[in-house]
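Chain by chain, the residues run as shown.
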Amino acid sequence: KPYTVSFNVNGGSGGTGSVTATYGSPMPAITLPTRVGYAFNGYWTGTTTQSTQYYDANGNSLKNWDKANNTTTLNALWIPNTYTVQFDGNGSTSGSMSNQSFTYDAAKSLTANAFSKTGYTFAGWATSEDGDAVYADKQSVSNLTNVNNGTVTLYAKWTLNTYSVKWFVNGEELTGAATTVAHGNKITTIPEVDLNTYCEGSDVLAGWTTAPMENASVAAPANLYKTIEDFPTVEEPQNYYAVFANY
């Protein structure tokens with residue numbers, strides 16, 4: 001006797017909607033449904049693998065029809081795809097990171113960034129070397145690809161550090177003289193100092209040093225910077241202190 005068997009695609013789409021099964025005979029041929037990010041795992045009487053399976057993952061009959069119900073519904077079960085995320089330092093100067101495994105539709109936090117780049121601050125993860133950051137450090141993400149066993153590469157994005165450069169004369173910061181300089185660059189201007197305000201007698205400005213001095217009118221220290229060319233590249237916040245001399 002023939003019986004109608006309907007199919008619940010359970011989140012999927014397409015495929016055969018129903019078949020006419022004959023009691024005691026293999027299940028009729030079907031076309032498979034699909035579901036983004038999942039692999040079809042056959043048709044079952046329930047919604048878990050603890051129930052009875054009538055079709056395998058390829059749509060083949062696993063069991064002769066044995067139900068004397070006029071209408072029965074079988075349910076599609078699905079296996080979520082898994083994929084790998086790998087991390088690229090994208091110009092980093094140190095650090096390494098292991099790959100991370102993900103399952104489709106399961107949110108998971110990205111591994112904390114372990115890369116570093118001298119003179120730069122980590123700004124997040126991009127999906128291409130030159131792209132903008134789209135994921136923050138340790139951000140919870142999901143469904144970065146729907147390809148089973150696929151690999152997604154995330155690229156570290158870096159922001160060039162900038163540092164404050166300040167100028168001091170006789171222990172006081174020069175108003176309006178502070179500048180901001182990017183890592184690895186040099187200062188472009190040296191502030192003017194009003195000798196009438198800060199100097200005694202015939203003192204002149206001999207240059208600038210990185211260490212504050214109890215008496216700015218002393219013998220010039222070894223690391224005295226006089227001209228733009230003398231100053232080193234900036235690699236951290238920097239204070240410069242005026243040194244006066246009497247020639």
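For the structure itself, consult the block above.
What this report covers is the structure whose coordinates are included nearby.

## Details of the overall build of the chain
Looking only at helices and strands, the chain features 1 helix and 16 strands. Expected size for 247 residues packed as a compact globule is a radius of gyration near 18 Å; at 36 Å, the chain overshoots this value by more than 25%. Its C-alpha atoms give the chain principal-axis dimensions of about 120 × 25 × 25 Å. Expressed as a percentage of the 247 residues in the chain, the buried residues total 37%. When contacts within the chain are restricted to residue pairs at least 6 apart in sequence, those whose partners lie at least 24 apart make up 61%. Put simply, the chain shows about 13,400 Å² of open surface, and 44% of that area lies on carbon and sulfur atoms. Seen as two clouds, the 11 positive and the 19 negative side-chain charges of the chain have centres 25 Å apart.

## Focus: the sheet that holds strand 2 (residues 18–22)
The strand order 2-1-5-3-4 describes an open sheet built from 5 strands, whose pairing is mixed. Both outer strands of the open sheet, strand 2 and strand 4 (53–55), are each paired with one neighbouring strand and no more. Across the sheet, the mean angle from the axis of one strand to that of its neighbour is 40 degrees, orientation sign disregarded. As judged from the 5 bridges shared by strand 1 (residues 2–8) and strand 2, these two strands associate in the antiparallel manner. When the sheet's bridge partners are listed, Pro2 is paired in strand 2 with Thr22.

## Some words on the packing of aromatic side chains
Within this structure, the stated rule accounts for 20 aromatic pairs. A centroid spacing of 4.9 Å and a plane angle of 85 degrees characterise the contact between Phe231 and Tyr240, whose relative ring orientation is edge-to-face. Tyr240 shares its class with Phe231; the two are buried.

## A look at the environment of Ser164
Within the element layout of this structure, Ser164 appears in strand 12 (residues 162–169). A relative accessible area of 31% places Ser164 in the partly exposed class. For Ser164, the contacting residues outside a window of four places in its chain are Thr179, Pro237 and Gln238.

## Let's talk about the pairing of strand 3 (residues 38–44)
By the criterion of burial, strand 3 is predominantly enclosed, with 6 of the 7 residues buried. Relative to strand 5 (residues 71–80), strand 3 runs antiparallel, the two being bridged by 5 bridges. Directly across from Ala39, in strand 5, lies its bridge partner Ile79. With 2 bridges connecting them, strand 3 and strand 4 associate as antiparallel partners. Residue pairing for strand 4: Tyr43 is matched across the bridge by Tyr55.

## Focus on unusual backbone geometry
Glycine aside, negative phi is the norm for most residues, and most peptide bonds take the trans geometry. Unlike most non-glycine residues, Asn90 shows phi in positive territory, near 50 degrees. Mapped onto the elements, Asn90 comes out in the loop between strand 6 (82–88) and strand 7 (100–103). Here Asn143, not a glycine, exhibits a phi torsion of approximately 55 degrees, which is positive. Within the secondary structure, Asn143 is located in the loop between strand 10 (140–141) and strand 11 (150–160).

## With respect to the nonpolar core
As a rule of thumb, nonpolar side chains are buried together in soluble globular proteins. In this structure, Val5, Phe7, Met27, Tyr43, Tyr55, Trp65 and Leu74 are the most contacted members of the largest nonpolar core, which totals 18 residues. Those elements that provide at least two residues to this core are strand 1, strand 2, strand 3, strand 4 and strand 5. When sequence neighbours within four positions are dropped, the list of residues in contact with Trp65 reads Tyr3, Val5, Ala21, Thr22, Tyr23, Gly24, Ser25, Met27, Tyr54 and Thr72. Membership of the second largest hydrophobic core comes to 17 residues, among which are Tyr163, Val169, Trp208 and Tyr225.

## Digging into the sheet that holds strand 9 (residues 120–126)
Taken in spatial order, the 4 strands make up an open sheet running 7-6-11-9, and their pairing is mixed. Of all strands in the sheet, those with a lone pairing partner are strand 7 and strand 9, marking the two edges. Ignoring strand direction, the axes of neighbouring strands in this sheet form an average angle of 30 degrees. As defined by bridge partners, strand 6 adjoins strand 11 across 6 bridges and the pair is classed as parallel. Residue pairing across strands places Val85 opposite Val152, the latter belonging to strand 11.

The rules behind these values
All residue numbers refer to positions counted from 1 along the written sequence of the respective chain. The model is predicted, so local features are restricted to residues of pLDDT at least 70 and side-chain atom pairs to those at 80 or more, both for listing and for counting; the totals for chains, interfaces and linings are taken over all residues. The side-chain numbers reported here are obtained from all heavy atoms of the structure, hydrogens and water having been left aside. By definition, any uninterrupted DSSP run of H or I lasting at least four residues is a helix, any uninterrupted run of E lasting at least two residues is a strand, and each is numbered from the N terminus. With the radius of gyration taken over C-alpha atoms, the globule rule is written as 2.2 Å times the number of residues to the power 0.38. Only protein chains enter the accessibility calculation, which uses a 1.4 Å probe; a residue whose area is less than 20% of its type maximum is buried, one above 50% is exposed, and one in between is partly exposed. Contacts are assigned to residue pairs with any non-hydrogen atoms lying within 4.5 Å of each other. Only the protein chains shown count as cover for residues, and the accessible areas themselves come from Shrake-Rupley with a 1.4 Å probe. Charge counting treats Lys and Arg as positive and Asp and Glu as negative, with His and both chain ends excluded. All charge positions are set by atom: Lys at NZ, Arg at CZ, Asp at CG, Glu at CD. Strand pairing is assigned whenever DSSP detects at least two bridges linking the two strands. All axes here are fitted lines through C-alpha atoms, helices being fitted over the stretch that makes contact, and every angle between N-to-C directions spans 0 to 180 degrees. In this scheme Phe, Tyr and Trp rings, the latter by its six-membered ring, pair at centre separations within 6.5 Å, and the angle between planes marks the pair as stacked below 30 degrees, edge-to-face above 60, and tilted otherwise. Take the buried Ala, Val, Leu, Ile, Met, Phe, Trp, Tyr and Cys residues and link them wherever side-chain atoms come within 4.5 Å; each set so joined is a nonpolar core.

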